[in-house]
Amino acid sequence: MTTPVRDDAAVASSSRPGVAGGDGVGRPVTSRRRRGGGARGSHASSSRGVAPAAPPLSLGAGLGLGLAVLWLSLLVLLPLAAVIATAAAGGWDGVVRVLTQPQTAAAIRLTLEQAALVTVINAVMGTAIAWVLVRDRFPGRRVLDVVIDVPFALPTVVAGLVLLALYGPQSPLGVDIANTKVAVTFALAFVTLPFVVRTVQPVLETLDRSAEDAARSLGASGWTVFRRIVLPALAPAIAAGAALSFARGVAEYGSLVLISGNLAMRTEVASVRMLGYIEGGDMAAAAVVATFLLAISLAVTLALGLFNRVGGRRG
Amino acid sequence: MARRGPVVLRAVVIAYLVLLVAWPVSLVFTGAFANGLAPVLDTFRDPLVLNALRLTAIAAGWAVVLNTVFGVGVALLLVRRTFPGRRLLAALVDLPLAVSPVVVGLAIALVYGARSGWLGVPLANVGLDIIYSTPGIVLATTFIALPLVIREIIPVLEEVGTEQEQAARSLGAGPWTTFRRITLPAIRWGLVYGVVLCLARAVGEFGAVKVVSGNLIGRTQTATLTVEELYMNFDREGAFAVAATLASVSIIAIAIVGLLRARTERRTS
């Protein structure tokens, strides 16, 4: 949409990994704004196209920047560096020893496996939900739109508790999945629900319908139109949402604590294992698992940036 | 214009959302009142619960203030200025969103721990305890909600452009006056939106706080930690009552954000 004119002022934001998609919390803030974006394009180009380049730093702004960087370092960078340094202090052997310890390896395997499973579920269901929200018309559609936001805003431990209320020992449905792998799947599906929906929804809204109409007039069925025309256009957004949902799934802790039972070798995920190390005072082992999780987050962020670039070309 | 989607798809989507989100979330409210109003009132008379709610409010309040000041400042720098490392700063600011809450807690404990932390030891020597105390909880909560205000303001700042600011400056307004009279009114809805998101996230934080707080009941236990503790101690109504309080905060936050979004969409279309 406004890509051609967003030259200088937009550099800062377009370089940020999550911007076209969602964020880790993760509310796909900017993508929401895109919904109204079409109407704004012409206005934006007239005002922004002539805007002069941003000025360099004045003394006051330089001081502000210094303070901001200092605060960011004390709060974020130094602590994260400490995690990596602590993990590295034990050497390569230490890293391998922690990651191959059977209980830890099982926790990591379960985490990756469940995050991958939930990502697939989200890619399918998220796309379906976005489709229904954008293309379908029925009373109560707006309510569904609000329901999608609930997992973002609800405290994670409350998310675990509410799932336990419906699918736990006192379930009104008579199903009890507490302390099983299915519970992990449910909890992760709950907290990652919005990612694919909120990345796909704005793309679907701005999608040009003429190609679909043309295909349909040439006799293509609804499914063929979706598979051959809509799906390729949505693919980058689905991939971006799926990547966010995978990263969140790998990192999840709060929603799993009550419902998964944290049984060693069976339902214990990496975050819970890490907390076990911390509570046992083994900060070095916790740091190794933490660094491993950080590396996965980083890989996913990079992959996401790549998808975004592809998506930008397409869009 | 809109073609009617297949009814089956609609039914599947509705069933999925009801079973996964709507129904479970509604149970937190009915669960709280399962045995009437009395146990709920007892829960909120419990000084430990009240302490936890107060601590959550303090931590969330600090997180909002710190992140708003930092967020507005950094957003202005990123959008309105050029300097070396700008793209790097923009990427680093987003970092907290990609980090697991438990890793956040561990990271802060490693640096600010009183026994062996890089900064924790010197701070402890001057009598300032961070970990297992309120400052640690504030740091963890601020960390996890760091980018939320910035991410809301940056698009708005880009949108409004610099014409009005330049006009004000050319008419002799100082930087502070320009900010207060021109920039701040222009970004106010984005700011409110960001603050609400930041607040909701801060109130709900669990994993990071669990690591840095030590979960000392009555002292460093926040509301989310209380939910876990009550549930583990088989006080189901109590857990649900506190959970329902937290859920209300998040649902009110969603409502505010929804209203603001409807407002901006009406204005732009």
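Rules and cut-offs
- Along every chain, residues carry numbers that run from 1 in the direction the sequence is written.
- All chains are assigned letters beginning with A, and all ligands numbers beginning with 1, in the order in which they are written.
- Local features in this predicted model are restricted to residues of pLDDT 70 or higher, and side-chain atom pairs are both shown and tallied only at a pLDDT of 80 or more, whereas totals for entire chains, interfaces and linings draw on every residue.
- The side-chain quantities take in all heavy atoms of the structure and omit both hydrogens and water.
- Helix and strand definitions here come from DSSP, where helices need a minimum of 4 consecutive H or I residues and strands a minimum of 2 consecutive E residues; each element is numbered from the N-terminal end.
- In this analysis, two residues are considered to be in contact whenever any of their non-hydrogen atoms come within 4.5 Å of each other.
- For the area figures, the Shrake-Rupley method with a 1.4 Å probe applies, and any residue is considered shielded solely by the protein chains shown.
- Each axis is a line fitted through C-alpha atoms, and for a helix only the stretch in contact is used; angles between axes span 0 to 180 degrees, taken between their N-to-C directions.
- Three classes are used: nonpolar for Ala, Val, Leu, Ile, Met, Phe, Trp, Tyr, Cys and Pro, charged for Asp, Glu, Lys and Arg, and polar for all others, with Gly counted as polar.
- A patch consists of residues exposed above 30% relative accessible area that lack any salt bridge, with like charges linked at up to 9 Å and nonpolar side chains (Val, Leu, Ile, Met, Phe, Trp, Tyr) linked at up to 5 Å.
- Whenever a carboxyl oxygen of Asp or Glu lies within 4 Å of a side-chain nitrogen of Lys or Arg, that contact is scored as a salt bridge.
- Remark: exposure states derive from per-residue accessible area (1.4 Å probe, protein chains only) relative to the maximum for the residue type, with buried under 20%, exposed over 50%, and partly exposed in between.
- Pairing of N or O atoms within 3.5 Å defines a polar contact, subject to two protein rules: one partner must be a possible hydrogen donor and the other a possible acceptor, and residues neighboring in sequence count only if both atoms are side-chain atoms.
- Here the expected span of a helix is defined as 1.5 Å times the quantity of residues minus one.

Re the overall build of chain A
Step number 1: When helices and strands are tallied, chain A shows 13 helices and zero strands.
Step number 2: Tracing chain A from N to C terminus, the helices and strands come up as α-α-α-α-α-α-α-α-α-α-α-α-α.
Step number 3: For chain A, contacts bridging at least 24 residues in sequence account for 75% of all contacts bridging at least 6.
Step number 4: Surface accessibility of chain A: about 12,600 Å² in total, with carbon and sulfur atoms responsible for 66%.

Observations concerning the environment of Gly36 of chain B
Step number 1: Tracing the backbone shows Gly36 of chain B in the loop between α1 (7-32) and α2 (37-45).
Step number 2: Counting along the chain gives 201 residues from Gly36 of chain B to Glu237 of chain B, while the straight-line C-alpha distance between them is 9.6 Å.

A look at the packing of helix α7 (residues 156-167) of chain A against helix α12 (residues 223-232) of chain B
Two quantities define a packed helix pair, namely the angle between the helix axes and the distance between the axes.
Step number 1: Contact pair α7 of chain A / α12 of chain B: the axes reach a minimum separation of 9 Å and the direction vectors enclose 35°. In this structure, α7 of chain A contributes Val157, Leu161 and Leu164 of chain A to the contact, and α12 of chain B contributes Thr224, Val227, Glu228 and Tyr231 of chain B.
Step number 2: Class assignment of the residues belonging to the contact of α7 of chain A with α12 of chain B gives a composition of five nonpolar, one polar and one charged.

Topic: a nonpolar patch on the surface
Step number 1: A contiguous nonpolar patch, built from Leu173 and Val175 of chain A together with Val18, Leu19 and Trp23 of chain B and spanning about 360 Å² of accessible area, is present on the exposed surface.
Step number 2: Mapped onto the secondary structure, Val18 of chain B falls in helix α1.
Step number 3: Val18 of chain B sits in the partly exposed class, given a relative accessible area of 35%.

Concerning the interface of chain A and chain B
Step number 1: The interface of chain A with chain B comprises 113 residues on the first partner and 98 residues on the second.
Step number 2: Between the two partners, chain A and chain B, sit one salt bridge.
Step number 3: Among the salt bridges present, the one from Asp136 of chain A reaches Arg10 of chain B, with a minimum N-O distance of 2.7 Å.
Step number 4: Remark: the boundary between chain A and chain B carries six residue pairs in polar contact (both at pLDDT 80 or more).
Step number 5: Top element by residues in the side of chain A that touches chain B is helix α3 (residues 59-89) of chain A. It accounts for 19 residues.
Step number 6: Residue classes in the side of chain A that touches chain B are distributed as 77 nonpolar, 18 polar and 18 charged.

Focus: helix α8 (residues 147-160) of chain B
All names here are of chain B.
Step number 1: Between its first and last C-alpha atoms α8 spans 21 Å; for 14 residues at 1.5 Å apiece the expected length is 20 Å, and the two agree.
Step number 2: Taken across its 14 residues, α8 has 13 buried, putting it largely inside the fold.
Step number 3: Positioned one or two residues after α8, Gly161 has a phi angle of 70°, which is positive.

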